[in-house]
Amino acid sequence: MARQVNENMHAAHPGMEDARIPVALVACADYQPDHVYDALARAIFLLGGLDAFITPGTRVLAKPNLLQGLPPERAVCTHPAVMGAIIRLLNEHGCTVTLADSPGAGIRYTPKNLLKQYHGAGYQDLALDPGCVLNLDTGFATVKFMEGKVCKEFPLIAPSISSDHIIVVSKAKTHVLMLLTGATKNLFGLIPGLEKPLFHSRFQTGERFGDMLIDLNLLVKPTLQVADAILVMEGDGPTSGTPRHLGVILVSPSPLALDMVLCRIMSLEPRDVPYLKCAIERGLCAPDGSDLDLRGDPLSAYTGADIRKPGTYMGSHRGMRISPLFRAMHRLGRAYGLRPVVETVRCTGCGKCATICPARAITISGGHALIRLRTCIRCYCCHEMCTEGAISLKRTPAASLVHRVMTWDK
Ligand code: SF4
Ligand code: SF4
């Protein structure tokens, strides 16, 4: 990858001697392009300016929340005026910008579909800027991350690998599975199209999914985080909630720091957000926000909104009810995804796979391994572990057919 992996998302950035992590909040009442530009420029200035983070002349990936191409007033995607402002600032800094995201699961990751989502979200005019390209490259590659706690490799969309910097430009929303989607969760969009359900299938609980998101952020290490909280979504986000005006933009070098502040603004307890709970338990951020350095407008101006929670929220410290959407994603992942299959002629019956299997889905019988696919959680540890090459990963014939149809024009 063009960027280096850091151990800690709170790792110091150039020009920041203070160990606390800065988060800038700047009021922005509406999406008038000049208002957004001024607010964003001020927020970045409060952090030391773009020079503190980004070398002029480099290639930057601006990563919006492009869940699906829905109009800005629905508050599903990052507003085009916020994308336009960050692109303008980066161009003025001498950088070239690629806007890229892989939309939500169920949307085939093809150039035609990307164009449709760009148009739907109102991004098409951003391509008129000679310093900005809307990504149509649907290639991806697998990147190893042996330091990951629960995930040792990720398939990542091509521009995220070739860029010098990634700026995450998220949309603040409540979320039926993760309670909050802001900076940290946004990076899941770097996983291409139909690979996403497989991740939902492999990381089934909020905690495991949360740890996977933390691993992904530690691998990719975005340079800067911007959150569009001018119009947020409350209720059953990320798609079916209700837009709500809050009128603020946030910027930070750390996704966790930004999300900790978003929790305060969105009336959420950080430990109720699975990935923040994981981050707190991994020692990556302080539960009380004592490691944050707030700059700009006072946080108290934005904390009284009493944002409506999703219907899946069961109350503080009680977690999230598994939503029908998540069940559907899980089923899709299991039906479509690769499953481990034992090649009995190669299997020596050594039992190493049975020992490592976290789901206890493998037994040794008749001198070779047997896998109970109903119990298997598709972590693929057995495939990694078997030195005999006796566990292959295969789709069912029906899933192979679906896969061919879904990827035929790549
Ligand atoms: S590790 Fe490989 S060879 Fe050993 S029992 Fe499992 S499948 Fe068979
Ligand atoms: S059978 Fe293999 S892929 Fe399935 S849970 Fe066990 S180790 Fe993971």
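This one's a predicted model, so the numbers in the text were calculated from it and none came from an experiment.

Rules of the game
Residues numbered from 1 in each chain as written. Chains lettered and ligands numbered in written order. Predicted model: local features only at pLDDT ≥ 70, side-chain atom pairs only at ≥ 80, totals over all residues. Heavy atoms only, no water. Near = heavy atom within 4 Å. Nonpolar A, V, L, I, M, F, W, Y, C, P; charged D, E, K, R; others polar. Helix = DSSP H or I, 4+ residues; strand = E, 2+ residues; numbered from the N terminus. Buried < 20%, exposed > 50% of the residue type's maximum accessible area, 1.4 Å probe, protein only. Salt bridge = Lys/Arg side-chain N within 4 Å of Asp/Glu carboxyl O. Phe/Tyr/Trp six-rings, centres within 6.5 Å; stacked < 30°, edge-to-face > 60°. Lys NZ or Arg CZ within 6 Å of the ring centre and 35° of its normal. Expected span 1.5 Å × (residues − 1). Core = buried A, V, L, I, M, F, W, Y, C linked by side-chain atoms within 4.5 Å. Contact = heavy atoms within 4.5 Å. Axes fitted to C-alpha atoms, helices over the stretch in contact; angles between N-to-C directions. Parallel < 35°, antiparallel > 145°, perpendicular 65-115°, else oblique. Left-handed = near helix turned anticlockwise from the far one by under 90°.

Chemist: Describe the site of ligand 1, naming the residues involved and giving the relevant values.
Modeler: Close to ligand 1 lie Cys347, Thr348, Gly349, Cys350, Gly351, Cys353, Ile364, Cys386, Glu388, Ala390 and Ile391, which account for all nearby residues. Partitioning the shell around ligand 1 into residue classes produces seven nonpolar, three polar and one charged.

Chemist: Run through the environment of Leu198, naming residues and quoting values.
Modeler: Within the secondary structure, Leu198 sits in helix H6 (residues 195-202). By relative accessible area, Leu198 is classed as buried at 9%. Separated by 134 residues in the primary sequence, Leu198 and Leu332 have C-alpha atoms spaced 8.0 Å apart.

Chemist: Could you give an account of the pattern of salt bridges, with specific residues and numbers?
Modeler: Going through the model one piece at a time under the given rule, you end up with 16 salt bridges. Here Arg20 ties to Asp293 by a salt bridge, and the two come within 3.9 Å at their closest N and O atoms. One end of the pair, Arg20, is in the segment before strand S1 (21-27); the other, Asp293, is in strand S11 (residues 292-296), and 273 residues separate them in sequence. In this structure, the salt-bridge partner of Lys394 is Glu343, at a minimum N-O distance of 3.2 Å. Linking Lys394 in strand S15 (residues 391-394) with Glu343 in the loop between strand S12 (339-342) and helix H11 (352-356), this pair joins segments that are 51 residues apart in sequence.

Chemist: Just give me the short version of the packing of aromatic side chains, but keep the residues and values in it.
Modeler: Aromatic ring pairs are defined here through the distance separating the ring centres and the angle between the ring planes. Evaluation of the coordinates by the stated rule reveals four aromatic pairs. Look at Phe154 and Phe199: their rings are 5.8 Å apart centre to centre, the planes differ by 20°, and that puts the pair in the stacked class. Taken together, the positions of Phe154 in strand S6 (residues 153-157) and Phe199 in helix H6 put the pair 45 residues apart, joining distant regions of the chain. A relative accessible area of 0% means that Phe154 is categorised as buried. One aromatic cluster is present, built from ring pairs that chain together Phe154, Phe188, Phe199, Phe203 and Phe209. Across from the ring centre of Tyr37, 3.5 Å away, lies the NZ or CZ of Arg88, which sits over that ring.

Chemist: Which residues make up helix H7 (residues 206-220), and what are the values?
Modeler: With 15 residues, H7 extends 21 Å between its outermost C-alpha atoms, agreeing within 8% with the 21 Å of an ideal straight helix rising 1.5 Å per residue. Buried residues dominate H7, accounting for 13 of its 15 residues. Two residues or fewer past H7, Lys221 is found with a positive phi of approximately 50°.

Chemist: Can you lay out the nonpolar core for me, pointing to particular residues and giving the numbers?
Modeler: In terms of nonpolar packing, the biggest core is built from 114 residues, with Ile86, Phe154, Met212 and Leu250 touching the most fellow members. With sequence-adjacent residues up to four places away left out, Met212 is seen in contact with Val150, Cys151, Phe154, Phe188, Phe199 and Phe203.

Chemist: Summarise the packing of H7 against helix H9 (residues 274-281); cite the residues concerned and give the values.
Modeler: Packing of H7 against H9 brings their axes to within 8 Å, and their N-to-C directions diverge by 70°. Taken together, the axes of H7 and H9 lie roughly perpendicular to each other. The interaxial crossing formed by H7 with H9 has right-handed handedness. Between H7 and H9, the contacting residues are Gly206, Glu207, Gly210, Asp211, Leu213 and Ile214 on the first element and Pro274, Tyr275, Lys277, Cys278 and Ala279 on the second. Its residues placed into classes, the contact of H7 with H9 shows six nonpolar, two polar and three charged.

Chemist: Requested: an account of the packing of helix H8 (residues 255-265) against H9, with residues and values cited.
Modeler: At a closest axis distance of 11 Å, the pairing of H8 and H9 adopts a crossing angle of 125°. When the interaxial angle is binned, H8 and H9 end up oblique. Between H8 and H9 the crossing geometry is left-handed. Taking contact as the criterion, the partners of Leu256, Asp259, Met260 and Cys263 in H8 are, on H9, Tyr275, Leu276 and Ala279. Here the contact of H8 with H9 is composed, by residue class, of six nonpolar, no polar and one charged.

Chemist: Which residues make up unusual backbone geometry, and what values go with them?
Modeler: Across the chain, the bulk of peptide bonds are trans and the bulk of non-glycine residues have phi less than zero. Here the residue pair Gly237 and Pro238 is connected by a cis peptide bond, since its omega of 15° sits within 30 degrees of zero. One can find Pro238 in the loop between strand S9 (224-234) and strand S10 (242-252). The backbone of Ala75 shows a phi angle near 60°, a positive value even though the residue is not glycine. Looking at the element boundaries, Ala75 is found in the loop between strand S2 (59-64) and helix H2 (80-92). Assessed through its relative accessible area of 0%, Ala75 is described here as buried. A positive phi angle is found at Ser267, which is not glycine, with a value near 60°. Tracing the backbone through its elements, the reader meets Ser267 in the loop between H8 and H9. Residue classification places Ser267 among the partly exposed residues on the basis of a relative accessible area of 24%.

Limitation: the analysis is restricted to geometry and does not speak to function.
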